[in-house]
Amino acid sequence: VQLQASGGGSVQAGGSLRLSCTASGHTFSNYAVGWFRQAPGKDREFVAAISRAGTITRYSGSVKGRFTISRDNSQNTVTLQMNSLKPEDTAVYYCAAVRGNPVLSALWLSSTYDYWGQGTLVTVSS
């Protein structure tokens with residue numbers, strides 16, 4: 001499956017952005033999807049994940065309550081709605097996919113995912 005992340009940009013603190021991850025090449029509903037981010041000089045970190053049918057979601061503690069992950073399998077798209085953005089949310093955001101439904105405890109691990117998009121830059125200014 002090929003993944004294309006889009007929707008990044010620059011926004012002031014407190015603002016919102018919506019990221020999209022669009023898939024092609026395979027039946028998207030067969031894949032669980034995660035979002036990760038990497039800030040300059042830091043390791044890649046988990047942001048959010050969603051199961052194949054969209055019935056299960058997981059968030060990192062730093063974004064829970066501010067970000068919402070959802071999916072539309074008919075459109076082969078996973079969306080990350082980001083509200084109340086903070087300067088520390090500044091990073092390149094990547095979407096990733098894995099076939100099937102991995103155990104919930106593994107959703108936060110980047111090694112769980114087999115396919116990665118190219119990343120989209122989010123910059124939040126104070």
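**Student:** I keep staring at the state of the cysteines and nothing clicks. Help me out?
**Tutor:** What we call a disulfide is simply a covalent bond connecting the sulfur atoms of a pair of cysteines. Applying the stated criterion across every chain, the model contains 1 disulfide. Here C21 connects covalently by a disulfide to C95, the sulfurs 2.2 Å from one another. Given an S-S torsion of about 70 degrees, the disulfide between C21 and C95 has right-handed geometry. Of this pair, C21 sits in strand β3 (residues 17-24) while C95 sits in strand β9 (residues 91-99), and the two are 74 residues apart along the sequence. The exposure class of C21 is buried, given its relative accessible area of 0%. Looking at C95, the relative accessible area reads 0%, which means it is buried.

**Student:** Just checking my understanding: could you explain unusual backbone geometry for this structure?
**Tutor:** Among all residues except glycine, the phi angle is most often negative; among peptide bonds, the trans geometry is most common. One non-glycine residue, N76, lies in positive phi territory at about 55 degrees. Within the secondary structure, N76 is located in the loop between β7 (67-72) and β8 (77-82). According to the relative accessible area criterion, N76 is partly exposed, its value standing at 24%.

**Student:** I keep staring at the side chain of R71 and nothing clicks. Help me out?
**Tutor:** Looking at the secondary structure, you find R71 in strand β7. No salt bridge is formed by the buried R71; the nearest opposite charge belongs to D72, separated by 8.2 Å. A polar contact of 2.9 Å, which involves the side chain of R71, links it to the backbone oxygen of Y31. A distance of 2.8 Å separates a polar atom in the side chain of R71 from the backbone oxygen of S51. Excluding its chain neighbours within four sequence positions, the residues that come into contact with R71 are F28, S29, Y31, A32, V33, I50, S51, R52, A53, G54, T77 and V78.

**Student:** Sorry if this is basic, but what is going on with the nonpolar core here?
**Tutor:** The nonpolar side chains of soluble globular proteins are, as a tendency, buried together. Counting residues in hydrophobic clusters, the biggest one holds 29 residues, and the most contacted among them are W35, V47, F67, V78, L80, M82 and Y93. Of all elements in the fold, only β1 (2-6), β3, β4 (31-38), β5 (45-50), β7, β8, β9 and β11 (120-125) reach the threshold of two or more residues within this core. In contact with F67, other than residues within four places in its own chain, are R37, V47, Y59, L80, Q81, M82, N83, L85, D89 and Y93. Among the nonpolar cores identified, the runner-up in size contains 8 residues, and F36, A49, V98 and Y113 belong to it.

Basis of the calculations
- Residues numbered from 1 in each chain as written.
- Predicted model: local features only at pLDDT ≥ 70, side-chain atom pairs only at ≥ 80, totals over all residues.
- Heavy atoms only, no water.
- Disulfide = S-S within 2.5 Å.
- Helix = DSSP H or I, 4+ residues; strand = E, 2+ residues; numbered from the N terminus.
- Buried < 20%, exposed > 50% of the residue type's maximum accessible area, 1.4 Å probe, protein only.
- Lys, Arg positive; Asp, Glu negative; His and termini not counted.
- Salt bridge = Lys/Arg side-chain N within 4 Å of Asp/Glu carboxyl O.
- Polar contact = N/O pair within 3.5 Å; in protein donor to acceptor, adjacent residues only side chain to side chain.
- Contact = heavy atoms within 4.5 Å.
- Core = buried A, V, L, I, M, F, W, Y, C linked by side-chain atoms within 4.5 Å.

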